[in-house]
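Residues per chain are reported as follows:
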Protein chains: 2
Amino acid sequence: MAFDAIETPFGKSDKIIGGAGTYIAWSASNFTKPIKQISVVGGDFPKKQLRALEERGVVVEGVQIKENEKTFFWSGRYHMDMNTRDTLETQLNVLGTFEPVVPDSYQDCEFLMLGNLAPSVQISVIRQLKKRPKLIVMDTMNFWMEIALTDLKELLTMIDVLMVNDSEARELSREYSLVKAANKILTMGPKFLIIKKGEHGALLFHNNHVFFAPELPLEEVFDPTGAGDTFAGGFIGHIAKTKDISFENMKTAIIVGSAMASFCVEKFGIQRLTEIGKTDIDARLAEFVQLVNFDIDLV
Amino acid sequence: MAFDAIETPFGKSDKIIGGAGTYIAWSASNFTKPIKQISVVGGDFPKKQLRALEERGVVVEGVQIKENEKTFFWSGRYHMDMNTRDTLETQLNVLGTFEPVVPDSYQDCEFLMLGNLAPSVQISVIRQLKKRPKLIVMDTMNFWMEIALTDLKELLTMIDVLMVNDSEARELSREYSLVKAANKILTMGPKFLIIKKGEHGALLFHNNHVFFAPELPLEEVFDPTGAGDTFAGGFIGHIAKTKDISFENMKTAIIVGSAMASFCVEKFGIQRLTEIGKTDIDARLAEFVQLVNFDIDLV
C-alpha cells in the first residue's frame, strides 16, 4: 500500500493512493470476503483509506502502521504507447525494513495472493502460515530477477500460480518465444503461469494447455497504473469465491481479472474501482463474452 | 504474385515465390473454388507455380504473363520481434506498369478480395466488374497512404471490408487509440474494419460492435511474410464458401483466417501452405476454440 504520482500523455495526478495491495483488495472485494490484508504504511497514510477497505470486508489487522515513518512512494511517467514507463522517483520508506507479520486470525486463509514485493517478504508470509493454502498466487517483476534471483527461484518452488508480464517471462526464462518461456518457467516450480501482455491480453499456461484472454479495446487508456494488480485481485477474488482451482475455472478467473483491469485504467489510481459495483462488472463481463464469442463448424 | 528473399533471426531464404495474390490463392483454395486470379508476372515466373494453383481450382486466365519482363521482387530482413522489418530491395518490374484486365469469364464473381497494391489498380478492377460483388474486401498498406492518399480515400468509399494493421489504422485515422481509429475509418467508407495486430491477433469493428480473434501462441514464428495475405485468403475463402456476409459469420471467417496465418509463419514463404489439408486445418481450428473458450456465470 503506497502513494503514487503519475504522469500520462493525458494528464498528471497528485500524490494519490496506490500500491499492489490496495488495488488487489479493492478488486477482489467485489467477489469475496473477508479479505485478510498484510502490508505496511507510514503515519502519513490516510486512516480513512483503511476504513474504506474495512467497509468492503477487508480485514486490516495485518497492516502495520509505522506512525513515525513515511509510506512507500513511487512516481512515474508513461510513454504514448501506455505499455512502457519511466520511473521518476522511488522512496522505499517503510518498505525498506518491512517484516510482514501474519496475525493468528489469518491462519485459516485458503487462498493466498502475494502482490509484487521482495521475494524474501513473500517467502516470509508463506513460512508463517501453519497450513499451506489451497492455492498460492504470486506476482513479481524484473527488478527482483536482477537483484534477488536466488530468493525468487526458491519462492517459485513454493507457489502454484505465477503472474508476470511478457518481458518478465522472457527475462526469467531467457527465451524470446513466450511458448518456450512458459515451458521453461513451468519447470521452475509453478504449475500455472499467467503472462500478462498489457493491452494485448493475457495467456494462461498449464501443462500443455494454453488459454488466451483479450483486453477489451478501450477508447482511452487513461492510466495503466495498478492494472496488473487489479487483474490479480479479480483473479484471486473469483477463485476464492468459487473455491475451484481447476484450469477451467482459472480461465474464467482470468476473464474476471481482465474485466476488473479494464475498469482500473479508465481513471487515475483506484478512483474507478471505488465507483463500480455488481451491475457494472456484469455488463463488462458480458462485453468480454461478446468480444471473443464465435461459432464455428469445422471446415 | 512475386519473388521474395527473406532474412529472419532464424534463417535466410533464396529467392522464393511470394506476393499477396499467391498467399491469398493458396489459403482461400482450401475453402472454395473456383478462385479467379488477377495478377501479373514476368517470363521468369515458374509456369509450374501457375499449374500448381490451377490444380487447386484457381483460374489463372486473368494472370498476365509478360514473357520479356521480370516479376516483382522484394527482399527484407525481420527484426527479433518478427513484427518489424526492413526492406532491403524492391524491384517493381512488371508491377510498374500493371493494368489489370478482368476477363469476361470473371464477371460472375460474388466475392472480391483486393490484395495490397496501388489503389488505382484496385479501383480499376472494381470498375471493370459490370455487377457489383456481394462483398468487396481490400487490403492496403502505409506506403499508399503516403503516396496515393487521394486514390485510397476514393477506393474506401467503394468497398465493404478494409484490412489494415494497427500502425496503418493509426496512420490512416491520425488517432492513436485503435477504438477511435476504427470509429473514424468506419466513416470513410467501409462498413467493416479488420485491424491485424500481428502476433497479438485481430480486431473486427462494425457499427458499435467489436470482435477479437487471438493469434495462436507458437513456439517459433519462423517467417511472418505473407501471414496477413494468408489471413485474408482464409477470411474471403470462408465467406465465399458460406456465402454469408453477416457480422456473425465474419467473426468465424476471422478465426479461419487466423488459423491459416498460423500455418503460414511456420516455414519460409508458401511452403507450409502447400503441405496442409483439411485435417490439419480442422485440428488448428479446434485449437483456436480451446484457446479462447471459457464459461462464465455473471458475478
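Enquirer: Can you help me understand the pairing of strand β4 (residues 35–42) of chain A in this one?
Expert: A regular strand places its side chains on the two faces of the sheet in alternate fashion. All names here are of chain A. Counting buried residues in β4 gives six out of eight residues, a clear majority hidden from the surface. One ladder, built from seven bridges, connects β4 with strand β5 (residues 58–66); its direction is parallel. Bridge assignment links isoleucine 35 to a residue of β5, and that residue is valine 58. The handedness of the β4 to β5 crossover, carried by helix α2 (residues 47–55), is right-handed.

Enquirer: Even after reading the chapter, I still don't get the pattern of salt bridges, so can you show me in this structure?
Expert: Close approach of charged atoms allows side chains of opposite charge to pair. Residue and element names in this part refer to chain A. All told, the structure shown has 40 salt bridges over all chains when counted by the stated rule. Here arginine 77 and glutamate 7 are joined by a salt bridge, their closest N and O atoms 3.0 Å apart. Here the residue arginine 77 occupies a position in strand β6 (residues 73–78), and glutamate 7 occupies one in strand β1 (residues 2–8), the gap between them amounting to 70 residues. Among the ionic pairs, lysine 267 bridges to glutamate 275, the shortest N-O distance being 2.9 Å. Classification of lysine 267 by relative accessible area gives partly exposed; the value is 33%. Taking relative accessible area as the criterion, glutamate 275 reaches 34% and is therefore assigned partly exposed. Here the salt bridges do not stand alone but share partners, grouping Glu266, Lys267, Arg272, Glu275, Arg284 and Glu287 into one network.

Enquirer: Just checking my understanding: could you explain the environment of glycine 198 of chain A for this structure?
Expert: All names here are of chain A. Here glycine 198 is to be found in the loop between β11 (192–196) and β12 (202–206). For the pair glycine 198 and asparagine 165, spaced 33 residues apart in sequence, the C-alpha to C-alpha distance is 7.6 Å. Here glycine 198 is in contact with Asn83 and Glu215, once residues within four sequence places are set aside.

Enquirer: Before we go on, may I ask you to explain the pairing of strand β13 (residues 209–213) of chain A in this structure?
Expert: All names here are of chain A. Pairing of β12 with β13 involves five bridges; the strand directions are antiparallel. Counterpart to histidine 206 in the pairing with β13 is histidine 209. The antiparallel pairing of β12 with β13 creates a hairpin that spans two residues between the two strands, and asparagine 207 there sits at a positive phi of about 50 degrees.

Enquirer: Can you help me understand the sheet that holds β13 of chain A in this one?
Expert: The pairing of strands in a sheet happens through backbone hydrogen bonds and is either parallel or antiparallel. All names here are of chain A. The six strands lie next to each other as β8-β9-β10-β11-β12-β13, forming an open sheet whose pairing is mixed. Single-partner strands in this sheet number two, and they are β8 (111–114) and β13. Direction aside, neighbouring strands of the sheet carry axes that sit 15 degrees apart on average. Set on the sheet, helix α6 (residues 166–173) makes contact with β10 (161–165) and β11; between it and β10 the angle comes to about 110 degrees.

Enquirer: I'm lost on the relation of the copies chain B and chain A in this one. Help?
Expert: The pair of chain copies shares a relation made of a rotation about an axis and a shift along it. With an RMSD of 0.0 Å, the fit of chain B onto chain A corresponds to turning through 180 degrees and sliding 0.0 Å along the axis. Each copy turns onto its partner about a two-fold axis. For chain B, the minimum C-alpha distance to the rotation axis belongs to histidine 200 of chain B and amounts to 3.0 Å. The fraction of interface residues of chain B whose copies in chain A are also interface residues reaches 100%, indicating that both copies meet through the same surface.

Enquirer: Sorry if this is basic, but what is going on with a nonpolar patch on the surface here?
Expert: A surface patch of nonpolar side chains, amounting to about 270 Å² of accessible area, comprises Phe10 and Met80 of chain A together with Tyr176 of chain B. With respect to the element layout, tyrosine 176 of chain B can be found in the loop between α6 (166–173) and α7 (178–185).

Enquirer: Got a minute to help me understand the nonpolar core in this structure?
Expert: Nonpolar side chains tend toward joint burial in soluble globular proteins. Ranked by internal contacts, the top residues of the largest apolar core, which has 184 residues, are Phe235 of chain A together with Phe235 of chain B. Apart from the residues lying within four places of it in its own chain, the contact partners of phenylalanine 235 of chain A are Val137, Val161, Met163, Ile194, Met250, Ala253, Ile254 and Gly257 of chain A.

Enquirer: What exactly am I supposed to notice about the confidence of the model for chain A here?
Expert: Do not read the fine detail of predicted coordinates wherever pLDDT is low. Mean pLDDT for chain A: 95, with 99% of residues reaching 70 or above. With a pTM of 0.89, the predicted complex shows an ipTM of 0.82.

Enquirer: Just to check I follow, could you spell out the sheet that holds strand β13 (residues 209–213) of chain B for this structure?
Expert: Residue and element names in this part refer to chain B. Spatially, β8-β9-β10-β11-β12-β13 is the arrangement adopted by the six strands of the open sheet, whose pairing is mixed. The open sheet terminates on both sides in strands that have one partner only, identified here as β8 (111–114) and β13. Between one strand axis and the next, the sheet turns through 15 degrees on average, direction left out of account. Packed onto the sheet, α6 meets β10 (161–165) and β11 (192–196) and runs at close to 110 degrees relative to β10.

About the cut-offs
- Residues numbered from 1 in each chain as written.
- Chains lettered and ligands numbered in written order.
- Predicted model: local features only at pLDDT ≥ 70, side-chain atom pairs only at ≥ 80, totals over all residues.
- Heavy atoms only, no water.
- Buried < 20%, exposed > 50% of the residue type's maximum accessible area, 1.4 Å probe, protein only.
- Helix = DSSP H or I, 4+ residues; strand = E, 2+ residues; numbered from the N terminus.
- Pairing = 2+ DSSP bridges.
- Right-handed = clockwise from strand over helix to strand, strands pointing away.
- Salt bridge = Lys/Arg side-chain N within 4 Å of Asp/Glu carboxyl O.
- Contact = heavy atoms within 4.5 Å.
- Axes fitted to C-alpha atoms, helices over the stretch in contact; angles between N-to-C directions.
- Least-squares fit on C-alpha atoms with pLDDT ≥ 70 in both.
- Patch = residues over 30% accessible without salt bridge, like charges linked within 9 Å, V, L, I, M, F, W, Y side chains within 5 Å.
- Areas by Shrake-Rupley, 256 points an atom, 1.4 Å probe, with all protein chains shown as cover.
- Core = buried A, V, L, I, M, F, W, Y, C linked by side-chain atoms within 4.5 Å.
- pLDDT = per-residue confidence, 0-100.

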